[in-house]
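Reading the structure
As a plain string of letters, each chain reads:
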Amino acid sequence: MDARTVDLQILGPVRLLVNGEPTALQPRLLAVLAIAAVSDGKATYTDLDERLGPITEATFRYYRSALRKAAGFDIVRQHERSVLELGLQTSEVDYWRSRKKFKEISGLPADRQYGPLLAGAELWRGPPLSDLDQQLVFTEVLEIRRQSRKPFLDLIRICAELEGAEQAIEHAEHADRLFGDDHEIRRSLWHLWAETGRIQTLIDDQRRREEQAKRRTASKIAELEAEKGRRVASECRDLEAERDEYIDSLRADLKAFCERAREVANVAPLRLPHQLPAIRARLRDRDDALTALQELLSPDSGVRVMTVYGLGGQGKTELVVTWAHSVAGHFPDGVLYANLRGHSPVGAPMDRDAVLAMFVEALGISGTKRSGDALLAAYRTAVNTRALLVVLDNARDHRHVADLVAASGRSRTVITTRTDVAGRAMTEGARVLPLGPITLDGCLDMLRELVGAARVDSGRSAARALMETCHGMPLAAWHVAGHVRWRRHDSLEDVLARLDSEKALLGVTSEGETALRDSLSLSYTPLSPEAAAALHVIAIHPGPTITLDVVAYLSGTPEQVARQATDELLYSNLLYQSPDRRFELHDLVRAFALERAVEERSGGGVDAVRERLLQWLLASARQCDRALSSGRELPDDLLPEGSAPLPEPEDDAAGRQWFDREHDTVLAVLDSPDFRSFEPYRWRLPLALCSYQTRSGAWSVAARHLETACEIDKSDLLDPRDRDRYQAVCSRMVGNLRRKLGQYEFAAVSLRKSITLAEGIGSSLESAHGHQHMGVLQEEMSQWEQALHHATTAGRLYEELEDERGIAATLPTIINCHLKRGEIESALEKEAFAVDLMTRASTPYNQGALHRVLMECHLRVGNHAQAVAHGESARACYVDSGASPNEAQVLTGLARAYRAAGRAADERAALDAFMGLYEGLGRGTHEVKPEDRKAFEAARRRRDEVTRDPA
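If you're wondering where the values come from, they're calculated on a predicted model, not measured in any experiment.

1. A word on the overall build of the chain
- Scanning the chain from terminus to terminus reveals 41 helices and 13 strands.
- For the chain, whose C-alpha radius of gyration is 40 Å, the value lies well above the compact-globule estimate of 30 Å for 951 residues.
- For the C-alpha atoms alone, the extent of the chain along its principal axes is close to 130 × 85 × 55 Å.
- Expressed as a percentage of the 951 residues in the chain, the buried residues total 52%.

Below, the structure is given as structure tokens:
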């Protein structure tokens, strides 16, 4: 019953639909429902008695039971003693839904009223209550018309204003059928016919209405004579006088409207223009965009205006011109085209009247000396009464083309612009089509077409690198291809040597074409100073994306000012916004904006922004590293100025979340030559990143940056002991990462250097850290004696320092060494102490290592249940730490523990989880080693065995 759907329809033939199926009801019962619906859901004794005969309480009961039996539920209920009440919701009666839509327009501007009015009108399937005896529901029909005629008149008027007379005629004809011979609706319809030059339609309709009036009057006189039994001269004369007065008013209106229709007909097109420019090149990777444009030809899509927008150089004009040539045959009255020069290096943007005059002349309309509103009226009449395609290329914005749009029943308009017009549709039926980059393969196809496949294939690597520099921008690819064709005797490697960066590409051009730098300048020049400044700092920020609060911080402006600036950049398509509300730049726009920043920010302004960025990144990374409980303290200097938007992570997960978002930005900073001179940050940042990168598996990247950190002398620190201490830290972290990468000799060299530096300055803590990591390295190399020596040395130093966390960190290595030396009792006797200390003093990451070792211990002695428990705990710890590589490693051991415990289903689940994690790590930053691949293949074979034989 909860799933029941009900729809009572009275706007047309009366129907009661339950679960989409019509319910068979007697006309009298349908009349009861209709009367109640029009009376706001209630029908009284008086309402029904006057129309349906004497009403008693028994009659009420019959209505209730009959309706319940037919509908399957209490569709009416008796309210008090003399009222039947509909048990329906507002959404379950079409009349109520229509009225609700009509009421929504209150207080809205005209362009926003159109949608609700149209939605309300579309619920009308015919004249209201049309299949019931009209004498029974006469009052209700009058009430429905009274409530609805004004919204229909508003719909006709607003549609004519927004979409033109041709489209409004459909609404007016619909209203005329619904409301009969309503004087205002009829005049609205005739006005629209006159505005579209339909002289004969006006004449035919006047004749039809005149004949209908004569028949109605004759019928009324016949009814009157039958009722009276004789002819009543005075009443007949009144009826005939009323008829004649009506006919006279029709004829008077016809004369005025026909005069207007003849005037309109005089500006109908006499020529069939085809103004499209030639197609310059074959489109690449634009199948989806061409499919979207085809919506303009589909009568069911409702699309009449399509605006193609995007960054300059994306090929908007080529797309639209190519498509327009292919569909010109669908527009028998011609194709109009104008380059509006909204963003043009030559000449000012074309104004409305200049375009109108050009179009009117192309259409061969007489009286081309018209101007202003008369010129606009002639153009609108022509395009709204014919089937024309209008292409408005290179518009400045939506206001530039507002009066030029052709959106009648048969005409269509395509607009190209650099500004983001999404949400600024000029008329109902308008759609927007954002145009982005093409693929690398599309760029390479363009290069082959222009310079020859043989030349591209002979220098395939250089060709690919050249096109990668274009970042999918068709104009850039076109310019590079033209440059290659012009330099026909140069190899592609020679061309690449000159065009190996986005900056170098900005000035390249083909003969007669606008250079990319100049093209982007057309979008940059109109920017406000605030938007230009925001573009500068976003370009100086080398990361792939940036947030609004960081834009505001780097700009040194309030967030509201930064928001307005980024809105302007988004509108100009110089900036994109991702679904997570971060901003990003096209790489060629970044190169252009950096040029402008250097030119316009004198006195080291660019480096000031870079240092501001570094201060924010370092302070943020330091706070999030602390949330990851790395135990590593960096110098509390180089603090950000002003109110920097620093994260305040409350736990490990929140710290990792910030690193997930900003990791690529930190890497871009560390890899960028522009930041190379900022050495104090270039050794601190890798240390702040190290815990996150170690957990996530980005070991090669982390090792590379830490090795660079080792090379920096850290002379910015005043105390020489601090210089050596942080040098020891860098070396230790490099050693740990090289160990994870299986580069054991390199790891040993770095760890020995770290221990030597720590001992040289008498730092027991750093010495302990170095021995602890050396112990883990020797453990992985199966050097159990040396591993135990370094781990116990570290443990002793930690005990002297009363550092419980450090002691806990050594225990997995010590226990594993005892295990591998066959000293299983020595390993297990430390279990309780180790678990307690780890839980109290260490991090989930280190706890995972302990549980993993203890799992192996219990597997060795056959304690399968305890092995499973430790394995599951280890996995949970690594999940909690975000250490997917470690989770993958422990899953193989956990699968063995499940197998030993006879839990085949759990074993298979663990193997599936391992394989899924492994495949995901292979696609990410994790370094996949040969032994990882072997583990994967072994897991796959074992999973297949378990699947074949679960027992």
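Once you've had a look at it, read on.
2. Considerations on the packing of helix α8 (residues 183-195) against helix α9 (residues 199-228)
- Two numbers describe how α8 lies on α9: the axes approach to 10 Å, and their chain directions differ by 155°. Taken together, α8 and α9 sit at an angle that is classed as roughly antiparallel. Contact residues: Arg186, Leu189, Trp190, Trp193 and Ala194 in α8; Thr201, Leu202, Asp205, Gln206 and Arg209 in α9.
- In terms of residue class, the contact of α8 with α9 is built from 5 nonpolar, 2 polar and 3 charged.

3. Describing helix α37 (residues 844-861)
- Relative to the 26 Å expected for 18 residues at 1.5 Å per residue, α37 spans 26 Å between its end C-alpha atoms, a close match to the ideal helical length.
- Of the residues making up α37, those classed as buried are Tyr845, Gln847, Gly848, Leu850, His851, Val853, Leu854, Met855, Cys857, His858 and Leu859.

4. A closer look at unusual backbone geometry
- Positive phi outside glycine occurs at Asp40, with the angle close to 55°.
- Mapping Asp40 onto the fold places it in the loop between α1 (27-38) and β4 (42-44).

5. Here we look at the sheet that holds strand β7 (residues 305-309)
- Reading across from one edge, β8-β9-β10-β7-β11 is the order of the 5 strands in this open sheet, with parallel pairing throughout. The sheet is open, and its two edges are formed by β8 (335-339) and β11 (430-434), each paired on a single side. On average, each strand axis in the sheet is inclined to that of its neighbour by 15°, with strand direction left out of account.
- The pairing of β8 with strand β9 (residues 389-395) spans 5 bridges and is classified as parallel. Paired with Tyr337 across the strands is Val391, a residue of β9.

6. Focus: the environment of Glu85
- Topologically, Glu85 is positioned in strand β6 (residues 83-86).
- Taking C-alpha positions, Glu85 is 9.1 Å from Ala37, a pair spaced 48 residues apart along the chain.

7. Focus on the pairing of β7
- Extensive coverage of β7 is indicated by the burial of 5 of its 5 residues.
- Of the two faces of β7, both are covered, the one formed by Val305, Thr307 and Tyr309 as well as the one formed by Met306 and Val308.
- Sheet topology places β7 next to strand β10 (residues 412-417); 5 bridges connect them, and they run parallel. Residue pairing in the sheet places Val308 in a bridge with Thr416 of β10.
- Sheet analysis places β7 next to β11, joined by 5 bridges and oriented parallel. Among the inter-strand pairings, Thr307 is bridged to a residue of β11, identified as Val432.

8. Some remarks on the packing of aromatic side chains
- A full pass over the atoms with the stated rule returns 15 aromatic pairs.
- An angle of 70° between the planes, with centres 5.3 Å apart, marks the rings of Phe152 and Phe179 as edge-to-face. One end of the pair, Phe152, is in helix α6 (residues 138-163); the other, Phe179, is in helix α7 (residues 165-179), with 27 residues separating them in the sequence. Residues Phe152 and Phe179 agree in their burial class; the two are buried.
- On the basis of an interplanar angle of 45° and a centroid distance of 5.4 Å, the ring pair of Trp683 and Tyr726 is categorised as tilted. Of this pair, Trp683 sits in helix α28 (residues 679-696) while Tyr726 sits in helix α30 (residues 720-740), placing them 43 residues apart in sequence. Each member of the pair, Trp683 together with Tyr726, is buried.
- In textbook terms, an aromatic cluster arises when at least three aromatic residues are bridged by ring pairs, as seen for Phe102, Trp124, Phe152 and Phe179.
- One Lys or Arg, Arg186, reaches over the ring of Trp190 and ends 4.5 Å from the middle of that ring.

9. A short note on the environment of Leu17
- For Leu17, the location among the structural elements is in strand β2 (residues 15-18).
- On the accessibility criterion, Leu17 (18% relative accessible area) is buried.
- Considering only alpha carbons, one finds Leu17 and Arg455, 438 residues apart in sequence, at a separation of 70 Å.
- With residues near it in sequence (within four places) discarded, Leu17 still touches Thr5, Val6, Asp7, Gln9 and Pro22.

10. Section: the nonpolar core
- If you look at the biggest cluster of nonpolar residues, it comprises 106 residues, and the most contacted ones within it are Leu466, Met467, Leu535, Leu569 and Leu687.
- Broken down by element, the residue count for this core peaks at 9 residues, all from helix α26 (residues 605-627).
- Setting aside residues no more than four positions away along its own chain, Leu687 makes contact with Arg632, Leu634, Leu706, Tyr726, Val729, Cys730 and Met733.
- With 77 residues, the next largest nonpolar core counts Phe73, Trp96, Tyr246 and Leu250 among its residues.

11. Considerations on the pairing of strand β1 (residues 6-9)
- Judged by which residues are buried, β1 turns out to be covered on both faces: Val6 and Leu8 on one side and Asp7 and Gln9 on the other are all buried.
- Hairpin geometry of β1 and β2 is characterised by an intervening segment of 5 residues between the two adjacent antiparallel strands and by a positive phi of about 130° at Gly12.

12. A few points about the side chain of Arg418
- Examined against the element boundaries, Arg418 turns out to sit in the loop between β10 and β11.
- Despite its burial, Arg418 remains without a salt bridge, the nearest opposite charge being carried by Asp393 at 9.2 Å.
- Of the polar contacts made by the side chain of Arg418, one reaches the backbone oxygen of Ser519; its length is 2.6 Å.
- Discounting chain neighbours no more than four positions away, the residues touching Arg418 are Gly310, Gly312, Lys316, His343, Ala395, Ser519, Leu520, Leu522, Ser523, Tyr571, Ser572 and Asn573.

13. Quick look at the sheet that holds β2
- In spatial order, the strands read β1-β2-β3; together these 3 strands make up an open sheet with antiparallel pairing. Two strands lie at the open edges of the sheet, namely β1 and β3 (21-22), each paired on one side alone.
- Alignment of β1 against β2, held across 4 bridges, turns out to be antiparallel. Bridge pairing in β2 links Val6 to Val18.

14. Regarding the packing of α26 against α28
- Between α26 and α28, the least distance of the axes is 9 Å, while the angle of their chain directions is 30°. In terms of axis orientation, α26 runs roughly parallel to α28. Judged by the sense of rotation from one axis to the other, the crossing of α26 with α28 is left-handed. In this structure, α26 uses Glu611, Leu614, Gln615, Leu617, Leu618, Ala621, Arg622 and Asp625 to contact α28, whose residues at the interface are Tyr681, Arg684, Leu685, Ala688 and Ser691.
- Residues of the contact of α26 with α28, tallied by class, amount to 7 nonpolar, 2 polar and 4 charged.

15. Notes on the confidence of the model for the chain
- Overall, the predicted model of the chain reaches an average pLDDT of 87, with 94% of residues at or above 70.
- Of all secondary-structure elements in the chain, the lowest mean pLDDT belongs to strand β5 (residues 76-79), at 72, while helix α31 (residues 744-760) reaches the highest, 96.

16. A closer look at the pattern of salt bridges
- Under the defined criterion, the tally for this structure stands at 66 salt bridges.
- Note that Arg209 and Asp181 form a salt bridge whose closest N and O atoms lie 2.9 Å from each other. Of this pair, Arg209 sits in helix α9 while Asp181 sits in the loop between α7 and α8, and the two are 28 residues apart along the sequence.
- Where Arg251 meets Glu210, a salt bridge forms, and the shortest distance between an N and an O atom there is 2.6 Å. Here the residue Arg251 occupies a position in helix α10 (residues 233-265), and Glu210 occupies one in helix α9, the gap between them amounting to 41 residues.
- What emerges from the salt-bridge pattern is a single network uniting Asp176, Asp181, Asp205, Arg208, Arg209 and Arg216.

17. Some points on the environment of Ala939
- By secondary structure assignment, the location of Ala939 is in helix α41 (residues 930-948).
- Of the residues examined, Ala939 reaches a relative accessible area of 5% and is grouped as buried.
- Contact partners of Ala939, with chain neighbours within four places excluded, come to Leu911, Phe914 and Met915.

18. Some points on helix α18 (residues 474-486)
- The end-to-end C-alpha distance of α18 is 18 Å, a good match for the 18 Å that 13 residues give at a rise of 1.5 Å each.
- The element α18 is largely enclosed, with a buried count of 11 among its 13 residues.
- Every buried residue of α18 is listed here: Pro474, Leu475, Ala476, Ala477, Trp478, His479, Val480, Ala481, Gly482, His483 and Val484.

Rules behind the numbers
- Residues numbered from 1 in each chain as written.
- Predicted model: local features only at pLDDT ≥ 70, side-chain atom pairs only at ≥ 80, totals over all residues.
- Heavy atoms only, no water.
- Helix = DSSP H or I, 4+ residues; strand = E, 2+ residues; numbered from the N terminus.
- Rg over C-alpha atoms; globule rule 2.2 N^0.38 Å.
- Buried < 20%, exposed > 50% of the residue type's maximum accessible area, 1.4 Å probe, protein only.
- Axes fitted to C-alpha atoms, helices over the stretch in contact; angles between N-to-C directions.
- Parallel < 35°, antiparallel > 145°, perpendicular 65-115°, else oblique.
- Contact = heavy atoms within 4.5 Å.
- Nonpolar A, V, L, I, M, F, W, Y, C, P; charged D, E, K, R; others polar.
- Expected span 1.5 Å × (residues − 1).
- Pairing = 2+ DSSP bridges.
- Phe/Tyr/Trp six-rings, centres within 6.5 Å; stacked < 30°, edge-to-face > 60°.
- Lys NZ or Arg CZ within 6 Å of the ring centre and 35° of its normal.
- Core = buried A, V, L, I, M, F, W, Y, C linked by side-chain atoms within 4.5 Å.
- Lys, Arg positive; Asp, Glu negative; His and termini not counted.
- Salt bridge = Lys/Arg side-chain N within 4 Å of Asp/Glu carboxyl O.
- Polar contact = N/O pair within 3.5 Å; in protein donor to acceptor, adjacent residues only side chain to side chain.
- Left-handed = near helix turned anticlockwise from the far one by under 90°.
- pLDDT = per-residue confidence, 0-100.

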